[in-house]
Amino acid sequence: MSGETLQVFITMVIYMSVVIVIGLYFAKRSNESSDNFFLGGRTIGPWVSALSAASSDMSGWLLMGLPGVAYWYGLSDAVWTAIGLAAGTIINWIWVARRLRRYSVVAGNSITLPEFFSNRFKDTKKILLTLTALWILVFFVVYASSCFVTVGKLFSTLFGLPYISMMILGAAFVLFYTTVGGFLAETASDTMQASIMILALSMVLIVGTSAAGGMSQVISNAKSIPGFFEFFGIASPTVVDGVQQAQNGAPLFGGAGKYGFYTILSTLAWGLGYFGMPHVLLRFMAIRDEKEIKVSSTIAGVWVVISLFAAVMIGIIGRALFPTDLTTAGAAETIFIVSAQTLFNPIFAGLAMAGILAATISSADSYLLIGASAFSKNIYQGLFKKDATDKQVMIITRIILLTITAIGIFIALDENSVIFTIVSFAWAGLGATFGPLMLFSLFWKRTSKEGAIAGMVAGGVMVFIWKLLLRPMGGIFGVYELLPAFIFSCLVIYFVSKVTPEPPKEIQEEFELVQSDKSINNIV
């Protein structure tokens, strides 16, 4: 290990040590009860809720996946995805946050998403609770694996060490401090990590622009590549066996591809996913006072717009700085790492690398914690052992944390995995399974339990059908699976609810209470 690499390593070790200290600090309080462990006792302030929601949502793909797409295909695919995500974030905070915070209290003081759906519809048979928990486990295992891939790529690229060893080491670190600290440690460290992420993105953006000769030179270079700097076109790298070809020191591209309205609509559909993201929705439920949500929404909106803009532009700038260095779609996802290593001294490079680590950890801990709570709190205690003590629930939680980590590691063993592809599937799954039902639960009093069950199953199953069977056919089926699955779930919820009996009076009264302006914070 060279002297410069050692300095980068030391900087990252210092950062990881701070994260561990945070976990240990909150360990005692988190372990007082499962309520504190899973939801922090609803004591999260506006800054923490906003920044922890943003950082846990974006994950390592913000610093690796999204810049990689921009580096490989150019502006359009990345920027339309970013626009959809920014719009989804802001709308979610404005429409969903306050009402979900209120409804989660009214609906039996629910502290997990499965509990909320079950209590919202008075599902005594626990069908909704079981389905929600199982879907969470399926998609969060996939999501966690994408984080482990990110850690493996980061450390293997930085230090030249074996990918698998580094991936397993990163996964073990995330498991350790999630197990120790729970939700309070997760949200506190996520807040710090959100600050590091936006600082790292801004540093690479500013210094990279300067190194490339200024923004005008960056844009000039991008425009010289067919379709690379267009909103309605897309670049087509010339590849042989997945490797981009070069000639006379310049990367080869084919003619510009079309990026039409249908494709744009498909890409913007990423924003729909927010309505069903458990790790974001939990932050809404955990905020200490609904009156603070307006402040949180402003903070979250500003953070996400700046971060997404910087991530997309880093990929564009990377093509000017390193035109032939990254020759596969997978390698393109390391453009942030290559830029930071080249442009900064080891200390600042280490800080930038800590940004990737921060993004990855802030997401992985959320996925592990929510996946574990789905089983231990909702399936184990909710179905099999209803008289389970808090201590027993916590033991099962830690066993499930270990199990999810092990399965995620297995999925992440392939170092050629493309982070963006893994994330897009898990995002579609969660968004289409829970998003439509969340909106109907909060805004349509007529939604029935039968409609809720049918819609959840329809959305989740359609993601698999569209992804695996229909999308490969191309043409009109080439749309991102989240959009058709989301629409299909909405239709199923509506029509099944219309042909089944109206919800009982008790459910309708709770809906009207949530809809009113009456304060309900004191119910907690």
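Predicted, not measured: the structure shown is a model, and the values here were computed from it.

Thoughts on the nonpolar core
Then, number 1: Residues Leu62, Leu308, Phe336 and Met353 are the most contacted members of the largest nonpolar core, which totals 162 residues.
Then, number 2: Examining the composition of this core, we find that 19 residues originate from one element, helix α7 (residues 127–159), more than from any other.
Then, number 3: Every residue in contact with Leu308, bar those within four places of it in the chain, is listed here: Met58, Trp61, Leu62, Leu66, Ala82, Leu85 and Ala86.
Then, number 4: The next biggest cluster of nonpolar side chains, apart from the first, holds seven residues, and it includes Trp72, Phe322, Leu326 and Ile335.

Here's the deal with empty space enclosed by the protein
Then, number 1: A complete count under the given rule lists three cavities of 30 Å³ or more for this structure.
Then, number 2: For the largest cavity, the calculated volume is near 70 Å³.
Then, number 3: Considering the residues around the largest cavity, the lining is formed by Ala53, Ala54, Asp57, Met58, Thr89, Asn92, Trp93, Tyr274, Val280, Ala300 and Val304.
Then, number 4: Taken together, the elements giving at least two residues each to the lining of the largest cavity come down to α3 (46–58), α5 (75–106) and α12 (293–321).

Concerning the packing of aromatic side chains
Then, number 1: Under the criterion given, the structure shown has 20 aromatic pairs.
Then, number 2: Aromatic pair Phe116 and Phe117: ring centres 5.6 Å apart, planes at 50 degrees, arrangement tilted. For the residue pair Phe116 and Phe117, the accessibility class agrees, reading buried in each case.
Then, number 3: The ring of Phe121 carries the charged tip of Arg120 above its face, separated from the ring centre by 4.4 Å.

Things to note about the pattern of salt bridges
Then, number 1: Evaluation of the coordinates by the stated rule reveals 10 salt bridges.
Then, number 2: The salt bridge partner of Glu290 is Arg102, with a shortest N-O separation of 3.0 Å. Of this pair, Glu290 sits in the loop between α11 (278–286) and α12 while Arg102 sits in helix α5, placing them 188 residues apart in sequence.
Then, number 3: Take Arg102: its relative accessible area is 0%, and that puts it in the buried class.
Then, number 4: The partner of Lys153 in a salt bridge is Glu333, with the nearest N and O atoms 3.2 Å apart. Here the residue Lys153 occupies a position in helix α7, and Glu333 occupies one in the loop between α13 (329–332) and α14 (335–343), the gap between them amounting to 180 residues.

Digging into the confidence of the model for the protein
Then, number 1: Per-residue pLDDT for the protein has a mean of 86; in total, 91% of the residues score no lower than 70.
Then, number 2: Counting contacts from residues 36–40, a segment whose pLDDT is below 50, to residues more than four positions away or on other chains yields 34 contacts.

Digging into the environment of Tyr480
Then, number 1: On the secondary structure map, Tyr480 appears in the loop between α18 (449–470) and α19 (482–499).
Then, number 2: Measuring from C-alpha to C-alpha, the distance between Tyr480 and Thr263 comes to 8.4 Å, with 217 residues separating the pair along the chain.
Then, number 3: Ignoring any residue separated from it by four or fewer positions in sequence, one finds Tyr480 in contact with Ser266, Trp270, Ser424, Trp427, Ala428 and Arg471.
Then, number 4: For Tyr480, the side chain forms a polar contact with the main-chain nitrogen of Ala428, separated by 3.4 Å.

Some words on the layout of surface pockets
Then, number 1: Empty space within the largest pocket amounts to approximately 570 Å³.
Then, number 2: Among the secondary structure elements, those contributing two or more residues to the lining of the largest pocket are α4 (65–73), α5, α10 (261–268) and α17 (419–443).
Then, number 3: In terms of residue class, the lining of the largest pocket is made up of 11 nonpolar, 10 polar and four charged.

Some words on the packing of helix α6 (residues 113–120) against α7
Then, number 1: Remark: α6 packs on α7, axes separated minimally by 8 Å, with the N-to-C direction vectors making an angle of 155 degrees. As far as their axial angle goes, α7 and α6 are roughly antiparallel. Our pair here, α6 against α7, has a crossing hand that is right-handed. Contacts from Leu113, Pro114, Glu115, Phe117 and Ser118 in α6 reach Leu128, Leu129, Thr132, Ala133 and Ile136 in α7.

Criteria and cut-off values
- Every residue gets a number counted from 1 within its own chain, in the order that chain's sequence is written.
- Only residues with pLDDT of at least 70 are given local features in this predicted model, and only at 80 or more are side-chain atom pairs given and counted; all residues enter the totals for whole chains, interfaces and linings.
- The side-chain numbers reported here are obtained from all heavy atoms of the structure, hydrogens and water having been left aside.
- Only buried residues count toward a nonpolar core. Its members are Ala, Val, Leu, Ile, Met, Phe, Trp, Tyr and Cys residues joined through side-chain atoms within 4.5 Å.
- Whether a residue is buried, partly exposed or exposed follows from its accessible area with a 1.4 Å probe, protein chains only, as a fraction of its type maximum: under 20%, in between, or over 50%, in that order.
- Secondary structure elements are defined from DSSP: runs of H or I of at least 4 residues count as helices, runs of E of at least 2 residues count as strands, and each element is numbered from the N terminus.
- Every residue pair with non-hydrogen atoms within 4.5 Å of one another is taken to be in contact.
- Residues are said to line a cavity or pocket when one of their atoms sits within 4 Å of a point; the points come from a 1 Å grid over protein atoms alone, cavities being sets where a 1.4 Å probe fits but cannot get out and pockets being open sets with protein on both sides within 12 Å along at least five of seven lines.
- Grid points are joined across faces, edges and corners, and a volume is the space filled by probe spheres set on the points.
- Each Phe, Tyr or Trp ring, with Trp reduced to its six-membered ring, pairs with another whose centre is within 6.5 Å; inter-plane angles below 30 degrees give stacked pairs, above 60 give edge-to-face pairs, and intermediate values give tilted ones.
- Geometrically, a lysine NZ or arginine CZ counts as sitting over a ring once it is within 6 Å of the ring centre and also within 35 degrees of the ring normal.
- A pair is scored as a salt bridge if a Lys or Arg side-chain nitrogen falls within 4 Å of a carboxyl oxygen belonging to Asp or Glu.
- A score from 0 to 100, pLDDT tells how confident the predictor is in each residue.
- Whenever two N or O atoms come within 3.5 Å, that pair is a polar contact, provided that in protein one can donate a hydrogen and the other can accept it, and provided that, for residues adjacent in sequence, both atoms are side-chain atoms.
- Under the scheme applied, nonpolar residues are Ala, Val, Leu, Ile, Met, Phe, Trp, Tyr, Cys and Pro; charged residues are Asp, Glu, Lys and Arg; polar residues are all the others, including Gly.
- Where helices are involved, their axes are fitted lines through C-alpha atoms of the stretch in contact, as for all axes, and angles between N-to-C directions lie from 0 to 180°.
- These descriptions rest on fixed angle ranges, namely under 35 degrees for roughly parallel, over 145 for roughly antiparallel, 65 to 115 for roughly perpendicular, and the rest for oblique.
- A clockwise turn of the near helix away from the far one marks a right-handed crossing, whereas an anticlockwise turn of less than a right angle marks a left-handed crossing.

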